[in-house]
Amino acid sequence: MRKIIETSDDSPLPIRDISRLTGVNSVTLRAWERRYGLIKPLRTAKGHRLYRREDIELIKKIQTWLARGLAIGKVSELLEAGYASSDVVIENSWQVYCAELLSIMADLNLGKLDAFFNQLFSVYPAAVIADQLITPVLDQLAQDFYGNRVKKIILENRLSEYLLMLTQRQRQQTSGNSVAILQLSTVGNSLLNVLLHYGLTTHQIKSELIGLISSKEIVFAAEQLAIEGFIVYNDSCSSLGEFQRELVQLADLISVPIFVGGKLGKIINMELPNHVHIVGDDGQQAITQMLNSVLLQDSLGGVKELV
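Just so it is clear, the model here is predicted, and its values are computed rather than measured.

Calculation notes
- Residues numbered from 1 in each chain as written.
- Predicted model: local features only at pLDDT ≥ 70, side-chain atom pairs only at ≥ 80, totals over all residues.
- Heavy atoms only, no water.
- Helix = DSSP H or I, 4+ residues; strand = E, 2+ residues; numbered from the N terminus.
- Buried < 20%, exposed > 50% of the residue type's maximum accessible area, 1.4 Å probe, protein only.
- Expected span 1.5 Å × (residues − 1).
- Salt bridge = Lys/Arg side-chain N within 4 Å of Asp/Glu carboxyl O.
- Pairing = 2+ DSSP bridges.
- Axes fitted to C-alpha atoms, helices over the stretch in contact; angles between N-to-C directions.

Caption draft 1: Quick peek at the side chain of S93. Following the sequence through the fold, S93 ends up in helix α5 (residues 93-107). Here S93 falls in the buried class, since its relative accessible area comes to 11%.

Caption draft 2: Representation of helix α9 (residues 190-202). A rise of 1.5 Å per residue sets the reference length of α9, with its 13 residues, at 18 Å; its end C-alpha atoms lie 19 Å apart and thus fit the reference within 8%. Within α9, twelve of the 13 residues are buried, which leaves the element mostly enclosed by the surrounding structure.

Caption draft 3: Structural context of the pattern of salt bridges. Taken as a whole, this structure holds eight salt bridges when the rule is applied. Of the charged contacts, one joins K263 and D139 as a salt bridge, the two residues approaching to 2.8 Å between their closest N and O atoms. With K263 in the loop between β8 (258-261) and β9 (276-278) and D139 in helix α7 (residues 126-141), this pair connects stretches of sequence that are 124 residues apart. A cluster of three or more residues bridged by salt bridges with shared partners is formed by E33, R43 and R49.

Caption draft 4: Summary view of the sheet that holds β9. Here five strands make up an open sheet; going across it, the order is β6-β5-β7-β8-β9 and the pairing parallel. Each of the sheet's edge strands pairs with one partner strand only, and the pair in question is β6 (206-211) and β9. Within the sheet, the average angular offset between the axes of one strand and its neighbour, ignoring direction, is 20°. Sheet topology note: the strand β5 (residues 178-182)/strand β7 (residues 229-233) ladder contains four bridges and is parallel.

Caption draft 5: View of unusual backbone geometry. The backbone of L108 shows a phi angle near 50°, a positive value even though the residue is not glycine. Even without a glycine there, the phi angle at Q204 is positive, about 65°. Within the secondary structure, Q204 is located in the loop between α9 and β6.

And the structure:
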């Protein structure tokens, strides 16, 4: 039986705020509750879910297990046994998912591909899927073997379409900071940016997917859209030196925080202004955590005038 409480200034947080704090969207939180019995939120007299501090800690523990490879269906067993997130050896289910996705792409079974996406994105956070599944599969499909280019293009296009549909539904509820995702190089993977775009939206962040544009147009976007932070997420580039020069030019024009993630974030070898934040971990979970931390703490600046 669900406990019903009255709302007040000291009440636990609603589901929208929990999504912002954890990056787990409301659909997934409800699935964890209804399908797997993992979370038992309080309810207001009108039936609205409210989450306590212990619920937030539990969600974070579940995310840690999922990122390590624990299958969602096995989480309840560990919770009932009272294990901490670091106390148990976990069989990595992401290796199984990677093999399944590669098998689907080998057959170009698009119906099965859609069903696979529907199942995964209903129960796993977007950043975990990006880091543990999509990035390694894209790396595999980037190898120069017969058929891989077609598989990669179809995977990128189909998943991008699916994610943009989910983002459109989710963004109607967003009320947080405004950020934009940029590319500083023609070499990159647009699907990873679309995944990041969706993941940020589940964090209740107002995300705009801009891509590759000129520096002056970036300034225009910052001014007109009231952008509070820019994200550059790249796994590759044609020239590291050119990429770093573009980053310096961007930092000179824009005074709001700039977050640099992806695999390039781990190899940048130059000093940058204080408002440029290099994420040492190349995963999307790491860049989202840093972005949330900085935007919640900083007094954000504006856009420098062009000279």
